[in-house]
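Listed below are the residues making up each chain.
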Amino acid sequence: MKRGTAQFLWVLVLLLIWEAAARFSGVSPLLLPTVEATVASLFDALFHGTLFYQALFSIGIIALGLFIGVALALVLALLAVQSRLADSLVGTLTALAHPLPGLAILPLLILWFGSGTGVILAIIVHSILWPVLLNLTAGLRQTPAMYLDIGHLLSLSKPRIAVELMLPCAVPDLLAGVQIGWSRGWRALISAEMVFGAVGRLGGVGWYLFKERTFMDAPGLFAGILLVICIGVLVEGVLFSRLERLLLTRFGREETK
Amino acid sequence: MSFAAEGLTKRYPGKDGMHTVFEQLSFSLPDGAFLVVLGRSGVGKSTLLRVLAGIEKADAGEVLLDGAPRAGAGRDVFFIFQDFNQLFPWMTLEQNLTYALRRAKLPESTARAREALGQVDLLDAAGKYPRALSGGMKQRGALARALALRSRVLLLDEPFSSLDPITRRQCGETLLRLWRARDFTAVFVTHDIGEALSLGTGIAVLGRAGLSFFDPSAPGLAEDLENALGDGGEKPEYFD
Amino acid sequence: MRRISAALLSVLLLLSLLTGCQAGKAEEKQTLALAQQFGIAYAPIEIMRQQQLLEKRLPDVTVTWQQYGGPTAIREGMLAGDIDIGFVGIVPVLIGIDTGMPWRYLCGLSRNEVAIMVRDPDVHSLADLASKDKVAILSPACTQHVILALACEKEFGDPNALDSRLVSMSHPDSAAAMASGTEIVAHVATPPYIQEEVDAGAHAIYTGDELMGGSFTFVTCVALEQFYADKPDYCTAFLDALEEADAYIAEHPEEAAAALAPVYGITEEEILSQIDYGGGIFSTELQGVDRMIAAMYRMGFIQAEPDPADTVFDTSYLAAEDAS
């Protein structure tokens with residue numbers, strides 16, 4: 001059986017377990033709605049309500065955050081690999097900032113920057129940047145010393161060596177870092193949206209989730225959760241695996257024979 | 001005198017203080033010479049070669065090309081590594097060569113690349129990625145890259161040692177053929193006496209006392225070389 | 001090897017026996033679980049807890065107090081069977097009833113001053129706010145949200161006019177955001193934050209009483225219908241204990257303030273002034289349920305308009321003007 005088919009069947013099994021639990025376990029439907037109630041609520045919210053635009057908003061922000069985070073990580077990592085001073089600075093910044101959960105500094109950020117899209121973006125970039133940077137730096141360090149020698153033999157400048165010889169070696173680690181960054185960023189985004197309210201008119205999926213919870217709409221809440229899961233699966237299962245296949249055939253790490 | 005070393009000294013910090021790899025090492029090679037350097041493992045053959053190439057700095061002394069001291073590494077003195085994977089794996093064979101040519105600012109990169117690949121019989125494999133090539137093909141590809149760059153001097157660090165005996169011989173023949181056609185100066189390092197004897201216009205042994213040259217036409221050369229290799233007393237530190 | 005497995009097996013058996021015993025005992029024990037919440041609005045509960053007013057009425061019952069964050073957490077805790085009596089704002093109770101939550105008001109707990117505060121002295125109404133200004137509320141679907149919606153309805157004819165400019169933050173964060181010049185220029189606040197914001201230069205443009213057409217109960221006591229049916233004696237004990245706590249606060253305000261100040265971290269004077277608001281804020285009477293139902297139905301917070309009598313266990317607790 002192909003892996004995809006097996007996973008699809010597992011999902012069906014989980015849905016059946018959920019439905020059975022909702023119907024027969026005695027838990028109140030106000031806490032655990034049935035699958036059909038949830039799916040009905042999901043379709044209703046998507047096609048007749050605001051959820052579709054809210055989902056687009058959330059996806060848009062995370063995409064922008066990924067772009068900025070990866071770009072920053074590239075700049076910082078490539079600088080760090082060329083200069084010892086830059087390396088120690090970047091290392092210190094990472095050690096200080098990486099362990100901080102974005103949401104812990106949320107009140108601080110609101111105080112400094114208000115509550116617009118800019119602050120949410122800042123939190124997401126913070127969640128994405130450090131894992132990407134760490135992985136990228138580790139990947140760059142894996143460049144075989146021989147390539148650096150060849151770079152010197154070809155009289156390449158330090159920046160050229162970093163971008164043209166070291167960066168291709170770091171692609172697998174970079175990709176791994178981006179995947180970690182995406183999941184951290186997505187989680188931070190949903191949580192931040194719950195606070196920030198209707199940023200940019202309607203807000204995002206997180207705000208939808210929060211409102212459903214406070215308005216005590218259990219099917220609506222679960223519909224939102226289901227949507228968050230689906231988006232996550234689409235991005236990781238489809239987008240990233242495609243990206244991996246595309247890049248790792250050319251830039252993957254070879255086994256030493 | 002095209003390629004020469006004068007008073008080269010290299011030391012490494014070791015367990016018991018500084019160890020000298022070589023000291024005040026000097027030699028000179030005429031244009032188009034093919035010197036084979038023999039030596040036991042760990043004696044410092046690779047280090048010598050790397051210093052000659054300019055990818056490692058000597059503690060004293062100079063490397064001279066046509067009488068002028070070299071400041072650092074450059075494509076005029078190119079290096080062939082022992083490692084098969086010295087071609088960049090994310091580029092095809094041909095792209096590896098055209099990349100090097102473009103960075104060296106040499107014109108007509110595609111034409112030159114294909115010419116070089118033709119000389120090592122790898123034109124059919126031009127569009128393949130290194131991972132699809134055998135060890136021998138990859139090393140010939142590395143040779144092609146150096147050829148395309150028109151390097152004056154080629155320094156080869158045991159390039160065929162990891163290949164099977166048949167392929168090793170074929171690669172050696174290819175190298176000789178290229179050398180005769182292109183007339184570059186070569187310094188070829190190996191620990192294999194048989195390989196040394198089949199190549200080279202000159203043979204030297206690197207030992208604790210430095211570089212000792214041997215007459216390639218002398219009878220009993222093989223025995224002399226074995227003695228020279230076995231000589232030296234204590235085992236050297238592993239500098240290579 | 002076999003000896004080790006035998007030992008492990010016997011340890012496992014022993015553990016399961018012990019836990020089994022515990023479970024058995026738990027079923028026989030009588031428990032009453034209440035939600036412990038933080039703030040002046042819940043002061044009678046704190047007094048009740050400190051003076052053990054429930055324990056003395058229910059000697060055979062174990063009374064437990066658990067910290068709960070807010071109405072949704074309390075709702076979920078009740079559905080899971082973790083709490084029996086909770087203290088929820090008047091609005092979330094009605095939203096729960098509207099979505100099928102099988103709970104009702106037991107009685108009122110406290111009235112509260114609530115006001116829409118704005119930072120800018122030149123702003124006198126919601127219409128004066130700029131398009132990028134934001135309003136901080138505790139959360140959607142809470143009493144403060146309805147107060148804001150009433151103000152929007154009054155000024156714009158549309159209770160959802162400011163929906164796209166809401167930010168959900170805790171009171172301390174909102175007060176801080178107001179004070180530090182961010183886009184958050186308005187806050188639907190309750191004491192002590194009202195005073196804190198006034199001290200920082202803000203002023204109120206609306207009060208809750210004004211928008212609701214009179215005073216109303218802010219925080220109420222709720223329980224599941226099942227609980228009321230199964231344990232009416234616990235409920236009676238609770239109501240009695242609450243009345244006793246209310247009486248204590250009314251007759252001995254200084255002692256009460258002294259007992260509460262260290263718990264809430266504000267001064268005794270502050271406590272005294274707050275409990276005095278509107279002539280005393282603590283009462284088991286439920287005031288304003290009728291008006292609240294009407295307003296919420298009209299503005300779309302609830303889809304059905306129940307009879308106030310159907311939202312309470314004992315209609316004698318409904319304020320006279322609201323009972324139908």
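Remember, predicted model here, so these are calculated numbers, not experimental data.

(A) How the structure looks around the overall build of chain B. When helices and strands are tallied, chain B shows 7 helices and 10 strands. Computed over the C-alpha atoms, the radius of gyration of chain B is 18 Å, within 12% of the 18 Å expected from 2.2 N^0.38 for a compact globule of 240 residues. For chain B, the spread of C-alpha atoms along the three principal axes comes to 50 × 40 × 35 Å. Here chain B holds 240 residues, and 54% of them are scored as buried. Considering only intrachain contacts with a sequence separation of at least 6, the fraction spanning at least 24 residues in chain B is 71%. Here chain B displays about 10,400 Å² of accessible surface, and carbon together with sulfur accounts for 48% of that area. Taken together, the 28 basic and 30 acidic charged side chains of chain B have centroids lying 9 Å from each other.

(B) Examining the environment of A:A86 more closely. Residue and element names in this part refer to chain A. One can find A86 in helix α4 (residues 84-97). Taking the relative accessible area as the measure of exposure, A86 reaches 18% and is therefore buried. In sequence terms A86 and L76 are 10 residues apart; their C-alpha atoms lie 8.1 Å from each other. Beyond its immediate sequence surroundings of up to four residues, A86 is in contact with L79 and A80.

(C) The side chain of C:S139, seen in detail. Within the element layout of this structure, C:S139 appears in the loop between β6 (134-137) and α6 (143-156). On the basis of relative accessibility, which here comes to 12%, the residue C:S139 falls in the buried class. In this structure, C:S139 is in contact with A:F210, A:T214, C:H145 and C:S168, ignoring residues within four places of it in sequence.

(D) Spotlight on the confidence of the model for chain B. Here chain B shows a mean pLDDT of 88. Residues at 70 or above account for 95%. In the model, residues 232-240 of chain B has pLDDT below 50 throughout and makes 27 contacts with residues more than four positions away in sequence or in other chains.

(E) Up close: the packing of aromatic side chains. Residues and elements named next belong to chain B. Tallied over the full model, the rule gives 18 aromatic pairs over all chains. Ring geometry for F34 against W179: centres 5.3 Å apart, planes inclined by 85 degrees, an arrangement best described as edge-to-face. Of this pair, F34 sits in strand β3 (residues 34-38) while W179 sits in helix α5 (residues 165-182), and the two are 145 residues apart along the sequence. For the pair F34 and W179, one class covers both residues: buried. When the ring centre of Y12 is taken as reference, the NZ or CZ atom of K10 above it lies at 5.3 Å. The ring of F88 has R145 sitting right over it, with the charged end atom 5.6 Å from the ring centre.

(F) Region of interest: a negative patch on the surface. Residue and element names in this part refer to chain C. On the surface, E254, E255, E268 and E269 cluster together to form a negatively charged patch. Of all elements in the fold, only α12 (253-264) and α13 (268-275) reach the threshold of two or more residues within the negative patch. Checked against the element boundaries, E268 lands in helix α13. E268 gets classed as partly exposed once you look at its relative accessible area, which sits at 36%.

(G) How the structure looks around the arrangement of the chains. Here 2 pairs of chains make contact, and the pair sharing the most contacts is chains A and C. No interface is formed between chain B and chain C, the nearest pair of C-alpha atoms being 49 Å apart.

(H) Focus on the state of the cysteines. Residues and elements named next belong to chain C. Tallied over the full model, the rule gives 0 disulfides over all chains. The structure places no disulfide on C221, whose sulfur is separated from the nearest cysteine sulfur, that of C107, by 3.6 Å. Given a relative accessible area of 0%, C221 falls into the buried group.

(I) Main features of the sheet that holds strand β4 (residues 60-65) of chain B. Residue and element names in this part refer to chain B. Ordered in space as β2-β1-β4-β5, the 4 strands form an open sheet in which the pairing is antiparallel. One side of each edge strand has no neighbouring strand; the edge strands of this open sheet are β2 (17-29) and β5 (68-69). Pairing between β4 and β5: 2 bridges, direction antiparallel. Counterpart to L64 in the pairing with β5 is P69. The strands touched by helix α1 (residues 45-53) are β1 (3-14), β2 and β4; relative to β1, the strand with the most contacts, the crossing angle is about 125 degrees.

(J) Looking closely at the pairing of strand β6 (residues 77-80) of chain B. Residue and element names in this part refer to chain B. Every second residue of β6 is oriented toward a common face, with V77 and F79 on one face and F78 and I80 on the other, all of them buried. Where β6 and strand β7 (residues 153-157) come together, 4 bridges link them in parallel fashion. Bridge pairing in β7 links I80 to L156.

(K) Examining the interface of chain C and chain A more closely. In this assembly, 33 residues from chain C lie in contact with 25 residues from chain A. The largest contributions to the chain C side of the interface with chain A come from C:T72, C:R75 and C:P140, which together make up 21% of the buried area. Counting every contact that joins chain C to chain A gives 1 salt bridge. We note a salt bridge from A:R213 to C:E76, for which the minimum N-O separation is 2.9 Å.

(L) Quick look at the pairing of β1(B). Residues and elements named next belong to chain B. Note: β1 against β4, 5 bridges, orientation antiparallel. Within β4, the residue paired with A4 across the bridge is L64. Sheet topology places β1 next to β2; 9 bridges connect them, and they run antiparallel. By the bridge assignment, F3 is partnered in β2 with L29. Taking the residues between adjacent antiparallel strands as the criterion, β1 and β2 are bridged by 2 residues.

(M) Structural context of helix α7 (residues 221-230) of chain B. Residues and elements named next belong to chain B. For α7, the full list of buried residues reads L221, L225 and L229. Taken end-on, α7 shows its buried residues confined to a sector of 70 degrees, consistent with a single buried face. For α7, the exposed residues set more than 90 degrees away from the buried face come down to E223, E226, N227 and G230. On its buried side, α7 packs onto β3, α6 (193-198), β9 (202-207) and β10 (210-214).

(N) Summary view of the environment of C:E254. Its location among the elements puts C:E254 in helix α12. It is 11 Å that separates the C-alpha atoms of C:E254 and C:I275, two residues lying 21 residues apart in sequence.

(O) Structural context of the packing of helix α3 (residues 51-80) of chain A against α4(A). Residues and elements named next belong to chain A. Relative to each other, α3 and α4 sit at 135 degrees, their axes nearing to 7 Å. Here α3 is positioned oblique relative to α4, judged by the angle of their axes. Residues L76, L79 and A80 of α3 lie in contact with α4, whose contacting residues are A86, D87 and V90. Among the residues forming the contact of α3 with α4, the class breakdown is 5 nonpolar, no polar and 1 charged.

Procedures and definitions
Residues numbered from 1 in each chain as written. Chains lettered and ligands numbered in written order. Predicted model: local features only at pLDDT ≥ 70, side-chain atom pairs only at ≥ 80, totals over all residues. Heavy atoms only, no water. Helix = DSSP H or I, 4+ residues; strand = E, 2+ residues; numbered from the N terminus. Rg over C-alpha atoms; globule rule 2.2 N^0.38 Å. Buried < 20%, exposed > 50% of the residue type's maximum accessible area, 1.4 Å probe, protein only. Contact = heavy atoms within 4.5 Å. Areas by Shrake-Rupley, 256 points an atom, 1.4 Å probe, with all protein chains shown as cover. Lys, Arg positive; Asp, Glu negative; His and termini not counted. Charge placed at Lys NZ, Arg CZ, Asp CG, Glu CD. pLDDT = per-residue confidence, 0-100. Phe/Tyr/Trp six-rings, centres within 6.5 Å; stacked < 30°, edge-to-face > 60°. Lys NZ or Arg CZ within 6 Å of the ring centre and 35° of its normal. Patch = residues over 30% accessible without salt bridge, like charges linked within 9 Å, V, L, I, M, F, W, Y side chains within 5 Å. Salt bridge = Lys/Arg side-chain N within 4 Å of Asp/Glu carboxyl O. Disulfide = S-S within 2.5 Å. Pairing = 2+ DSSP bridges. Axes fitted to C-alpha atoms, helices over the stretch in contact; angles between N-to-C directions. Buried area = accessible area lost by both parts, 1.4 Å probe. Arc of directions from axis to C-beta. Parallel < 35°, antiparallel > 145°, perpendicular 65-115°, else oblique. Nonpolar A, V, L, I, M, F, W, Y, C, P; charged D, E, K, R; others polar.

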